[in-house]
Amino acid sequence: MSSRTPEECVDLALDEGATEEKRAGAIRELRTANECDELEALVRTERIDERYRRQALEELATPQCDSTLRELVHDEPLEGPLKQEAEELLATVEDD
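Keep in mind that this is a model prediction, so the values were computed, not measured.

Engineer: Just to check I follow, could you spell out the state of the cysteines for this structure?
Structural biologist: Covalent bonding between the sulfur atoms of two cysteines is what defines a disulfide. Following the criterion strictly, the structure yields one disulfide and no others. Sulfur of Cys9: no disulfide; nearest cysteine sulfur belongs to Cys65 and is 14 Å away. Exposure remark for Cys9: the relative accessible area of 2% places this residue in the buried category.

Shown next, in the form of structure tokens:
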């Protein structure tokens, strides 16, 4: 585990100048630290490449973040292709 703060991880995930490996690693660190709100913010950030938004969404499929995932599906639903993926992930989490 790195010593990055959640804010530093978000900044790195959003940094278009960073390598793909570092950006994806920062998103994984947010999951490891159960930073559900930060992951949700990345999913909702339209200016980030869709692969990172999708990765952040997939990282929400944990027991610790299921309420945040539920919010993405029911309370403030996503638009576009990520909406269906969020619904499918939530169904998977709820089945466990």
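Engineer: I would appreciate a short explanation of helix α4 (residues 50-59) in the present structure.
Structural biologist: Given 3.6 residues to a turn, an α-helix orients residues that are three or four positions apart in the same direction. Within the span of α4, buried status applies to Tyr52, Arg53, Gln55, Ala56, Leu57 and Glu59. Looking at the buried positions of α4, the neighbouring elements they touch are α2 (20-32), α3 (36-44), α5 (66-75) and α6 (81-95). Measuring from the backbone nitrogen of Arg51 back to the side-chain oxygen at the start of α4 gives 3.0 Å, which picks out Asp49 as the cap.

Engineer: What should I look at first to understand the pattern of salt bridges in this one?
Structural biologist: Where charged atoms from two side chains of opposite charge approach closely, those side chains can pair. For the coordinates displayed, the defined rule picks out eight salt bridges. The salt bridge partner of Glu40 is Arg44, with a shortest N-O separation of 3.2 Å. Taken as a pair, Glu40 and Arg44 lie in helix α3 at a separation of four residues, close to a single helical turn. Arg44 gets classed as partly exposed once you look at its relative accessible area, which sits at 28%. Among the charged side chains, a network of salt bridges with common partners joins Glu50, Arg54 and Glu85.

Engineer: For this particular structure, what's the right way to read the side chain of Glu40?
Structural biologist: Residue Glu40 is classed as buried on the basis of its relative accessible area, which comes to 10%. Other than its neighbours up to four places away in sequence, Glu40 contacts Leu60, Thr68, Glu71 and Leu72.

The rules behind the values
Residues numbered from 1 in each chain as written. Predicted model: local features only at pLDDT ≥ 70, side-chain atom pairs only at ≥ 80, totals over all residues. Heavy atoms only, no water. Disulfide = S-S within 2.5 Å. Buried < 20%, exposed > 50% of the residue type's maximum accessible area, 1.4 Å probe, protein only. Helix = DSSP H or I, 4+ residues; strand = E, 2+ residues; numbered from the N terminus. Contact = heavy atoms within 4.5 Å. Polar contact = N/O pair within 3.5 Å; in protein donor to acceptor, adjacent residues only side chain to side chain. Salt bridge = Lys/Arg side-chain N within 4 Å of Asp/Glu carboxyl O.

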